[in-house]
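Chain and residue survey
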Amino acid sequence: MPKELEIVGSAGRDFPMLERNLLSHLRLAVLLSLLSSSLLLHARLPTPSDPGSAQTPPSKTGLAVAIIEVIAAVAAIAAGIWEYWQGYADMSAQRGFLRASQTHLAVLSIVGLVVFATCLMLISNDV
């Protein structure tokens, strides 16, 4: 049975904020999984001067980076769910301000570093 809370103060906009943040984490996970599948399928955007450059040969580095991207996508979903439940618990306890979780910040910082490192690898090497 859902728990009913009285709408006081900013609760009317705080619950949609939590849902919007969770959906942003899911969107990040979908983008990371899309990047992973493009690495697994060896698909790239072709250069205009060489239309056959969209296919790259299979490599073990591409497989390793794709696995890291999938792990980062799962971590982004887990961080989003963690943040949602922490915020929901804070609002259920009727705290004036939501607590910031250092765990969430650490996990998303690692995901950001993975994305940055992957971009650098894709720019510099034929992964």
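Up top is the structure.
Since the structure is predicted, the reported quantities are computational estimates derived from the model, not experimental observations.

The rules we used
- The residue numbering used here restarts from 1 in each chain and proceeds along that chain's sequence as written.
- Whole-chain, interface and lining totals are the exception, using all residues; otherwise, since this is a predicted model, local features are given only for residues with pLDDT of at least 70 and side-chain atom pairs are given and counted only at 80 or more.
- Water and hydrogen atoms play no part in the side-chain values, which are based on all heavy atoms of the structure.
- Between rings of Phe, Tyr and Trp, where Trp is taken as its six-membered ring, a pair exists when centres lie within 6.5 Å; planes separated by under 30 degrees are stacked, by over 60 edge-to-face, and by other angles tilted.
- The numbering of helices and of strands both runs from the N terminus, where a helix is a DSSP run of H or I of at least 4 residues and a strand a run of E of at least 2.
- To estimate the expected span of a helix, count its residues, drop one, and scale the result by 1.5 Å.
- Throughout, exposure labels follow a simple rule: accessible area from a 1.4 Å probe, protein chains only, divided by the maximum for the residue type, with under 20% read as buried, over 50% as exposed, and the rest as partly exposed.
- The set of buried Ala, Val, Leu, Ile, Met, Phe, Trp, Tyr and Cys residues whose side-chain atoms join them within 4.5 Å is what this entry labels a nonpolar core.
- What makes two residues a contact is simply this: any of their non-hydrogen atoms within 4.5 Å.
- Residues enter patches when their relative accessible area tops 30% and they take part in no salt bridge; the joining distance is 9 Å for like charges and 5 Å for the nonpolar side chains Val, Leu, Ile, Met, Phe, Trp and Tyr.
- Residue exposure ignores everything except the shown protein chains as possible cover, and the areas themselves are Shrake-Rupley values with a 1.4 Å probe.
- Salt-bridge detection follows one rule: a side-chain nitrogen of Lys or Arg within 4 Å of a carboxyl oxygen of Asp or Glu.
- Here an angle of 0 to 180 degrees is reported between the N-to-C directions of two axes, which are lines fitted to C-alpha atoms, with helices fitted over the stretch in contact.
- Orientation is classified from the angle alone, with under 35 degrees giving roughly parallel, over 145 giving roughly antiparallel, 65 to 115 giving roughly perpendicular, and any other angle giving oblique.
- What makes a crossing left-handed is the near helix being turned counterclockwise from the far one by less than a right angle; a clockwise turn instead makes it right-handed.
- The classification used treats Ala, Val, Leu, Ile, Met, Phe, Trp, Tyr, Cys and Pro as nonpolar, Asp, Glu, Lys and Arg as charged, and all other residues, Gly among them, as polar.

Moving on to the packing of aromatic side chains. On inspection of all chains with the given rule, the structure shows two aromatic pairs. Relative to W85, the ring of Y84 has its centre 5.6 Å away and its plane inclined at 85°; by these criteria the two rings are edge-to-face. With a centroid separation of 5.7 Å and an interplanar angle of 85°, the aromatic rings of W85 and Y88 are classed as edge-to-face. With W85 and Y88 both in helix α2 (residues 60-92) and three residues apart, the pair spans about one turn of that helix. Each residue in the set Y84, W85 and Y88 is aromatic and connected to the rest through ring pairs, giving one cluster.

The subject of this paragraph is helix α3 (residues 102-124). A rise of 1.5 Å per residue sets the reference length of α3, with its 23 residues, at 33 Å; its end C-alpha atoms lie 33 Å apart and thus fit the reference within 8%. Buried within α3 we find H104, V111, V114 and T118.

Counting residues in hydrophobic clusters, the biggest one holds six residues: A29, L32, A72, A73, V111 and V114. Mapped onto this core, the elements with two or more residues apiece are α1 (11-40), α2 and α3. Among all residues touching A29, those that are not within four sequence positions of it are A73 and I77.

A cluster of nonpolar side chains, L23, L26, I77, I81 and W85, forms an exposed patch at the surface whose accessible area comes to about 460 Å². Element by element, the count of residues in the nonpolar patch is highest for α2, at three residues.

Before going further, it helps to examine the side chain of H104. Its place among the elements puts H104 in helix α3. Using a relative accessible area of 14% as the deciding quantity, one classes H104 as buried. If we skip the residues at most four places from it in the chain, H104 touches H25, A79, W82 and E83.

Among the structural elements, L23 can be located in helix α1. Its relative accessible area of 54% is what places L23 among the exposed residues. A C-alpha to C-alpha distance of 9.3 Å links L23 and I77, two positions 54 residues apart in sequence.

It is the contact of α2 with α3, at a shortest axis distance of 9 Å, that shows an interaxial angle of 155°. In terms of axis orientation, α2 runs roughly antiparallel to α3. For the crossing formed where α2 meets α3, the hand is left-handed. Between α2 and α3, the contacting residues are T61, V65, I68, E69, A72, A75, A76, A79, W82 and E83 on the first element and T103, H104, V107, L108, V111, V114, T118 and M121 on the second. Per-class residue counts for the contact of α2 with α3 are twelve nonpolar, four polar and two charged.

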